[in-house]
Amino acid sequence: MIHFNVPPFVGTEFKYMQEAVNNHKICGDGPFTKKCNEWLEKRFNAKKVMLTTSGSTALDMAALLCGIKPGDEVILPSFTFSSTANSFVLAGATLVFVDVRPDTMNIDETKIEAAITDKTKVICPVHYAGVACEMDTIMDIAKRHHLMVVEDAAQGVMSTYKGKALGTIGDFGCYSFHETKNYSMGEGGAIVINNAAYIEKAEILREKGTNRSQFFRGQVAKYNWVDFGDSYLQSDLNAAYLWAQLEVADQINENRLETWNKYYTAFKPLEEKGIVQLPIIPEGCVHNAHMFYLKTKNLEIRQAYIKFMKENDILCVFHYVPLHSAPAGLKFGRFDGVDENTTADSDRLVRLPMYYNIKSDDLNKVIEKTLEFFNSETK
Ligand SMILES: *Cc1c(COP(=O)(O)O)cnc(C)c1O
């Protein structure tokens, strides 16, 4: 069986987790958490990074830090994971879904301005597949309308837009280190805080509403409950697992890009014959090979392809059911403008096995079976 995803494992994870145990420090903000935060800050030139328990809770923090109040509106794509939407719903916002661009499946920046009302507070672009949204345009819109920007960069760790790391461009960026992501600790994430005015607030929010972080730095004599908060600190055991991977982040990245490029080269002839569409990486974007997807001509062909691959012991998957058409999406939001691409293109999209160190025999089999399927009849 060729799995769709295998969690990354580089070999030093157990050693570091053992070290965390020996340190007698397995709660949050231990030595491995600090190493990870500092690595992410330095590597991505980010003001402040804090590990969290998931990408979802990083988004929760961002929504709360934006000061969302009931009735506020948040603009986001409908083609995304439920987490992007949940955080804003939990904070009381109404969702306003905007169509995606067919080339990247990212929010169509040319359709954002029409969706802005006097209730709009936040734009939340999602860097789908680790390929950047058109951030210059989005930041310019946000500036002109006094909106905050939360980047859902769950899939975008190690990707850049015009040289800037994804997650470091908006007011906040959110990463995921779930086992399906490029770098993992099982469940985990991080919030990137690019607006220094929010660092102290974020520290309090994640420390159960206390100023314990200031206390540990000797800035206050005792720590106290100072505001509302929750616990978003990741265990140092998980951070130890992640640290093993951050240490060799380039190796993981290059390995994934190699796989991605092999797929791309192998399927280029299919695209030239008009049988499938391949992902497009716009100028100025450097991606991280988070996923490899194809678009078939229609839904029926996609389903037949997934079935064919499964019969050959290869797992390919599709996503997302557009949020605006889902029961919760209908309840919590509305689609602004015309759905030209979101539904039509999500129906045609299929993801191929993609993970660190996929065996070359397995990769070749995926390629071979895919070519066999699409070349067999007129697809
Ligand atoms: C994975 C993902 C999340 C959520 O991350 P978790 O760590 O699983 O909570 C949010 N948004 C997008 C786009 C994702 O792909």
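Parameters and conventions
Each chain carries its own residue numbering, running from 1 in the written order of its sequence. Local features in this predicted model are restricted to residues whose pLDDT is 70 or higher, and side-chain atom pairs enter the listing and the counts only when it is 80 or higher, whereas totals over whole chains, interfaces and linings include all residues. Each side-chain value is worked out from all heavy atoms of the structure, with water and hydrogens disregarded. Disulfides are defined as cysteine sulfur pairs within 2.5 Å. Salt bridge, as used here, is a side-chain nitrogen of Lys or Arg placed within 4 Å of a carboxyl oxygen of Asp or Glu. Burial classes follow relative accessibility: with a 1.4 Å probe on protein chains only, a residue under 20% of its type's maximum area counts as buried, one over 50% as exposed, and anything between as partly exposed. Using a 1 Å grid laid over the protein atoms alone, points where a 1.4 Å probe fits but cannot get out form a cavity; open sets with protein on both sides within 12 Å along at least 5 of 7 lines form a pocket; any residue with an atom within 4 Å of a point counts as lining. Grid points are joined across faces, edges and corners, and a volume is the space filled by probe spheres set on the points. Helix numbering and strand numbering both begin at the N terminus, where a helix is a DSSP run of H or I of at least 4 residues and a strand a DSSP run of E of at least 2. Any residue outside Ala, Val, Leu, Ile, Met, Phe, Trp, Tyr, Cys, Pro, Asp, Glu, Lys and Arg is labelled polar, Gly included; the first ten of those are nonpolar and the last four are charged. For two strands to pair, DSSP has to find at least two bridges joining them.

Caption draft 1: Examining the state of the cysteines more closely. Under the defined criterion, the tally for this structure stands at zero disulfides. For C124, which is in no disulfide, the shortest distance to another cysteine sulfur is to C174 and amounts to 7.2 Å.

Caption draft 2: Quick look at the pattern of salt bridges. This model, assessed by the stated rule, comprises 20 salt bridges. Between D108 and K111 there is a salt bridge, and its shortest N-O distance comes to 4.0 Å. The class of K111 is partly exposed, set by a relative accessible area of 21%. Among the salt bridges present, the one from R212 reaches E207, with a minimum N-O distance of 3.2 Å.

Caption draft 3: Layout of the layout of surface pockets. Roughly 460 Å³ of volume is contained in the largest pocket. Along the walls of the largest pocket sit 20 residues, with D29, K34, R206, S213 and R217 positioned nearest its centre. Contributions of two or more residues to the lining of the largest pocket are made by α2 (31-44), β1 (48-52), α6 (199-206) and α7 (212-216). Here the lining of the largest pocket takes four residues from α2, the largest share from any one element. When its residues are assigned to classes, the lining of the largest pocket shows five nonpolar, three polar and 12 charged. Approximately 370 Å³ is the volume attributed to the second largest pocket. In terms of lining residues, the second largest pocket is bounded by 23 residues, among which F81, A154, S176, T180 and K181 are the most central. Among the elements of the structure, α3 (55-65) and α4 (82-90) are those that each provide at least two residues to the lining of the second largest pocket. With three residues, the single largest contributor to the lining of the second largest pocket is α3.

Caption draft 4: View of α4. Buried residues of α4: S83, T84, A85, S87, F88 and V89, and no others. A positive phi of about 105° marks G92, the residue just after α4.

Caption draft 5: Structural view of empty space enclosed by the protein. All chains considered together, the criterion is met by one cavity of 30 Å³ or more. Taken as a whole, the largest cavity encloses approximately 60 Å³ of empty space. Lining the largest cavity are T104, Y128, A129, V131, W260, P279, I280, I281, H287, M291 and Y293. Split by residue class, the lining of the largest cavity holds nine nonpolar, two polar and no charged.

Caption draft 6: Structural detail: the sheet that holds strand β7 (residues 164-165). Taking strand neighbours across the sheet as the criterion, the three strands line up as β7-β6-β10 in an open arrangement whose pairing is antiparallel. Looking at which strands have only one partner, the edges of the open sheet turn out to be β7 and β10 (285-286). Taken together, the two bridges between strand β6 (residues 160-161) and β10 define a ladder with antiparallel strand orientation. Each residue of the ladder has a partner; that of T160, found in β10, is V286.

Everything listed is a geometric property; what it means functionally is a separate question.
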